[in-house]
Amino acid sequence: MKRLMTIIGVFLLASIGELVRELRCFQVTRYKVTSRKLSGLRRKRKIIFLSDLHNYCYGTENEPLFHAIVREKPDLILVGGDMLLRRDESSYGHTVKFLSRLPAICPVYHANGNHEQKMKEYPWKYKRSYKAYKKELEKAGIHFLENESATFLWDDEKIRITGLEIPLWAYERRARNRVKASDIEKKAGRAGEAYEILLAHHPAHIKAYFDWGADLVLSGHYHGGVVRIPGAGGVIAPDFTLFPEYSGGCYRSGEAAAVVSRGLGVHSVPVRFLNPAEVVAVELG
């Protein structure tokens, strides 16, 4: 019995230590995505995907985070939403400072998550202004995509990035499987012949994103499921769904892929276990 209690005590201390460590650290998670629609690329391209920072700060002014991104030498930085926290007591000042530095590295596009969207659609509920947040970041050179698209060429390949804002009701648990490709088309237009990158914050609707015509979906929102069980994935989603299907990782559908970030910050339940925060690097080729 004494030996058993010792083992349990050591396990609990190790678990607490890991909880504390994961709230202070992040990692770079790398994926490779290929497609025949990228055959016109003369070299591989790297995308850095950031999601769910929630005003979190690593070190002084997010310096470790910034330098981790610089070291990856990205061609494009995509922001997937929920970088701020809609609570009035949480300042997004250092988040703005951090994001404002990114256009010096490469082009940056920003799509909204449910936190930015709620601040935008219900401004009278919040002391902090979404308009001010957006204005500061646009001034720094960040491009916002709110049910809008941006198209450009990489070598001989046309790339289109679309930032999708689903209706806020679609974040509710009862909305699962209710979002269809036609709903996305009404919001953001039709998919075309370009390589389609869809910034869509909520991963519960990934099948609809593929049906719409996305070649690469970038999502977040689930924070990796808070606690992860090896072989089973994340345990719980923000809407209290147990073992959500797309909690974090890379999911394939033919040549299309969806990458779901485990996020960079926490909110409401400030816990991570076996679920490190992450910067996502996607190599296209």
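Report follows, based on the coordinates. (Residues numbered from 1 in each chain as written. Predicted model: local features only at pLDDT ≥ 70, side-chain atom pairs only at ≥ 80, totals over all residues. Heavy atoms only, no water.)

1. Let's talk about the pattern of salt bridges
Applicable threshold: Note on definitions: salt bridges are taken to be side-chain nitrogens of Lys or Arg within 4 Å of carboxyl oxygens of Asp or Glu. Secondary structure elements are defined from DSSP: runs of H or I of at least 4 residues count as helices, runs of E of at least 2 residues count as strands, and each element is numbered from the N terminus. For each residue, the accessible area found with a 1.4 Å probe, counting protein chains only, is set against the maximum for its type, and the residue is called buried under 20%, exposed over 50%, and partly exposed in between.
If you walk through the whole model with that rule in mind, you get 17 salt bridges. The partner of Asp156 in a salt bridge is Arg42, with the nearest N and O atoms 3.3 Å apart. Here the residue Asp156 occupies a position in the loop between strand S6 (148–154) and strand S7 (157–164), and Arg42 occupies one in the loop between strand S1 (26–33) and strand S2 (45–50), the gap between them amounting to 114 residues. You can call Asp156 exposed: its relative accessible area is 58%.

2. Some points on the packing of aromatic side chains
The condition that has to hold: Classification of ring pairs uses Phe, Tyr and Trp, with its six-membered ring standing for Trp, and accepts pairs whose centres are within 6.5 Å; under 30 degrees between planes counts as stacked, over 60 as edge-to-face, and the remaining range as tilted.
On inspection of all chains with the given rule, the structure shows 9 aromatic pairs. A ring pair is formed by Tyr92 and Tyr133, whose centres lie 5.4 Å apart and whose planes are at 65 degrees; its orientation type is edge-to-face. A residue pair is termed long-range when its members are at least 10 positions apart, and Tyr92 in the loop between strand S3 (76–79) and helix H3 (93–101) and Tyr133 in helix H5 (residues 130–139) qualify at 41 residues. Pairing Tyr133 with Phe144 gives two aromatic rings, centres 6.4 Å apart and planes at 90 degrees, and the pair type is edge-to-face.

3. Digging into the sheet that holds S1
Rules: Two strands qualify as a pair provided that DSSP identifies no fewer than 2 bridges between them.
Strand order in the open sheet formed by 6 strands is S1-S14-S2-S3-S4-S5, and the pairing between neighbours is mixed. Two strands bound the open sheet, and with one partner strand each, they are S1 and strand S5 (143–144). Here S2 runs beside strand S14 (residues 277–284); their pairing, made up of 5 bridges, is antiparallel. Bridge pairing in S14 links Phe49 to Val280.

4. Remarks on the layout of surface pockets
The cut-off we apply is this: Using only the protein atoms, space was sampled on a 1 Å grid; points where a 1.4 Å probe fits but cannot get out form cavities, open sets with protein on both sides within 12 Å along at least five of seven lines form pockets, and lining residues are those with an atom within 4 Å of a point. Grid points are joined across faces, edges and corners, and a volume is the space filled by probe spheres set on the points. Polarity classes work like this: nonpolar for Ala, Val, Leu, Ile, Met, Phe, Trp, Tyr, Cys and Pro, charged for Asp, Glu, Lys and Arg, and polar for all others, with Gly in that last group.
Quantified by volume, the largest pocket comes out at close to 520 Å³. Along the wall of the largest pocket there are 28 residues; nearest its centre are Ala237, Pro238, Asp239, His267 and Ser268. Across the lining of the largest pocket, the residue classes break down as 12 nonpolar, 8 polar and 8 charged. The calculated volume of the second largest pocket comes to roughly 220 Å³. Sort the elements by how many residues they give to the lining of the second largest pocket and helix H7 (residues 206–212) lands first, with 4 residues.

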